[in-house]
Amino acid sequence: MKKLFVLSIFALACGAMFAQQPQGQRPQQQPQDVRNDKIGVGMTPTMSEYWSPQPKVVTPGNQATASAPSDAIILFDGTQKSLNDNWVTKNMRTQEVNPAKWTVKDGVMTVNKDMRNGGGDIQTKQEFGSFQLHLEWCVPEMDAKFTSQIRGNSGVYLQNMYEVQILDCYNNETYVNGMTGSLYKQTPPLVNAMRKPGEWQYYDIIYNAPVFNADGTYKVRPYVTVIHNGVVLQNHTEILGTTEYIGFPQVKAHGDGPILLQCHGDPSPSISFRNIWIRKM
Ligand code: MG
């Protein structure tokens, strides 16, 4: 009942936001596939998007590259060895695990979108509960034809369940609950603190893992704080459930889980990562 109630509130909130949404042209996106399982019967992706109000733009201050604190677990230090030691790809259908085959060059690793050559999402070998995570990412400069969600899309999945979106949102409008720093399809960022494409961006994410009741409902909900380039985008935001592309958040009981970095299947040039470390809390 509690889950139904939460989902009903979420649906009502989305409905209210749709009602305020001004009419206008939206950028073309992927084909509108319809989901027909119980998560979102008859729904299309756009049914859980809302586009206004757009968060105000804040120009971030200048920050030096952060080195890791002494008690951090280094997840990527710029070397091939640290990619090999800490990351794998996992086929979610077959559960087969293979070495991560993203490209490492000049101290950064770049998403490999070539699925026939080991591409795809990568995830940490280690699993985590609550944590503080630091990572740096860079969207390359690219053609203006790549817009909305098809422009530097990636993401950080907390415990492999909840996506904090990564996207080039510098002069690139999209649905606000899909912007950089959004809790995907749930909570928009408080502001837009994007640097230009080609410049490095910083995420500091503080995550409180959930606790579950025996029946699989949340006893203590998960919460997330996201700081982007030194600017708070999510302030101890309550996570409602999984971050679904189509449909509403689902509450699924889970334990510790890996950090997953998304390889998004869009045709825009791949983004890069560097300097990734985590502290258990
Ligand atoms: Mg994404």
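The coordinates are above.
It should be emphasised that the depicted structure is a prediction, and the values quoted were computed from it without experimental measurement.

Engineer: I keep staring at the overall build of the protein and nothing clicks. Help me out?
Structural biologist: Within the protein one finds 2 helices and 16 strands. Within the span of the protein, comprising 281 residues, buried residues form 52% of the whole. In the protein, the proportion of contacts linking residues at least 24 apart, taken out of those at least 6 apart, comes to 70%. Summed over its atoms, the accessible surface of the protein is roughly 13,400 Å², and 53% of this surface lies on carbon and sulfur atoms.

Engineer: Just to check I follow, could you spell out the environment of Gly40 for this structure?
Structural biologist: When you line up the elements, Gly40 lands in the loop between α1 (2-20) and β1 (73-76). With a relative accessible area of 2%, Gly40 lands in the buried category. Separated by 206 residues in sequence, Gly40 and Ile246 place their C-alpha atoms 6.5 Å apart.

Engineer: Would you mind going over the packing of aromatic side chains with me for this structure?
Structural biologist: How two aromatic rings sit relative to each other is given by the distance of their centres and the angle of their planes. Counted under the stated rule, the structure contains 8 aromatic pairs. Three or more aromatic residues link up through ring pairs in this structure, and these residues are Phe128, Phe131, Tyr162 and Tyr207. Lying over the aromatic face of Trp200, Arg274 brings its terminal NZ or CZ to 4.2 Å of the ring centre.

Engineer: I'm lost on the pairing of strand β8 (residues 154-158) in this one. Help?
Structural biologist: Across a regular strand the side chains alternate sides, sitting on one face of the sheet and then on the other. Of all 5 residues that make up β8, 5 are buried, and the element is covered over most of its length. Across 5 bridges, the pairing between β8 and strand β9 (residues 162-166) is antiparallel. Across the sheet, the residue bridging to Tyr157 is Glu163, located in β9. Taken together, the 2 bridges between β8 and strand β15 (residues 260-261) define a ladder with antiparallel strand orientation. Counted as the bridge partner of Val156 is Leu261 from β15.

Engineer: How do you make sense of the pairing of strand β7 (residues 131-138) when you look at a structure like this?
Structural biologist: Of all 8 residues that make up β7, 7 are buried, and the element is covered over most of its length. Of the strand pairs in this sheet, β7 and strand β16 (residues 272-280) are connected by 7 bridges, and their pairing is antiparallel. In the sheet register, His134 faces β16, and the bridge partner there is Trp277.

Engineer: Mind showing me how you'd approach the coordination of the magnesium ion here?
Structural biologist: In an ideal tetrahedron of four donors about a metal, each angle is 109.5 degrees. In an ideal octahedron of six donors, the angles are 90 or 180 degrees. Taken together, Asn153 (OD1), Ser154 (O), Glu163 (OE), Gln165 (OE1) and Gln262 (OE1) make up the protein donors of the magnesium ion, found 2.2 to 2.3 Å from the metal. Spacing between the donor residues of the magnesium ion along their common chain follows N-S-x8-E-x1-Q-x96-Q. Taken together, the residues Ser154 in strand β8 and Gln165 in strand β9 connect sequence positions 11 residues apart.

Engineer: How do you make sense of the environment of Asp121 when you look at a structure like this?
Structural biologist: Checked against the element boundaries, Asp121 lands in the loop between β5 (108-110) and β6 (122-124). As a C-alpha pair, Asp121 and Trp102 span 19 residues in sequence and 9.2 Å in three-dimensional space. The residues contacting Asp121, other than those within four sequence positions of it, are Val88, Thr89, Trp102, Leu260, Leu261, Gln262 and Cys263. Separated by 2.7 Å, the side chain of Asp121 and the backbone nitrogen of Cys263 make a polar contact.

Engineer: Could you clarify how one ought to interpret the pattern of salt bridges in this entry?
Structural biologist: A side chain of one charge can pair with a side chain of the opposite charge when the charged atoms of the two come close. In this structure the tally under the stated criterion is 8 salt bridges. With its nearest N and O atoms 3.0 Å apart, the salt bridge here joins Arg221 to Glu238. Pair noted here: Arg221 is in the loop between β12 (218-220) and β13 (223-228) and Glu238 is in strand β14 (residues 231-238), with a separation of 17 residues, a long-range link. Relative accessible area serves as the criterion here: at 18%, Arg221 is assigned to the buried category.

Parameters and conventions
Residues numbered from 1 in each chain as written. Predicted model: local features only at pLDDT ≥ 70, side-chain atom pairs only at ≥ 80, totals over all residues. Heavy atoms only, no water. Helix = DSSP H or I, 4+ residues; strand = E, 2+ residues; numbered from the N terminus. Buried < 20%, exposed > 50% of the residue type's maximum accessible area, 1.4 Å probe, protein only. Contact = heavy atoms within 4.5 Å. Areas by Shrake-Rupley, 256 points an atom, 1.4 Å probe, with all protein chains shown as cover. Phe/Tyr/Trp six-rings, centres within 6.5 Å; stacked < 30°, edge-to-face > 60°. Lys NZ or Arg CZ within 6 Å of the ring centre and 35° of its normal. Pairing = 2+ DSSP bridges. Donors = N, O, S within 2.8 Å, 3.2 Å for Na, K, Ca; no water. Polar contact = N/O pair within 3.5 Å; in protein donor to acceptor, adjacent residues only side chain to side chain. Salt bridge = Lys/Arg side-chain N within 4 Å of Asp/Glu carboxyl O.

Any functional reading would require information beyond the geometric quantities listed.
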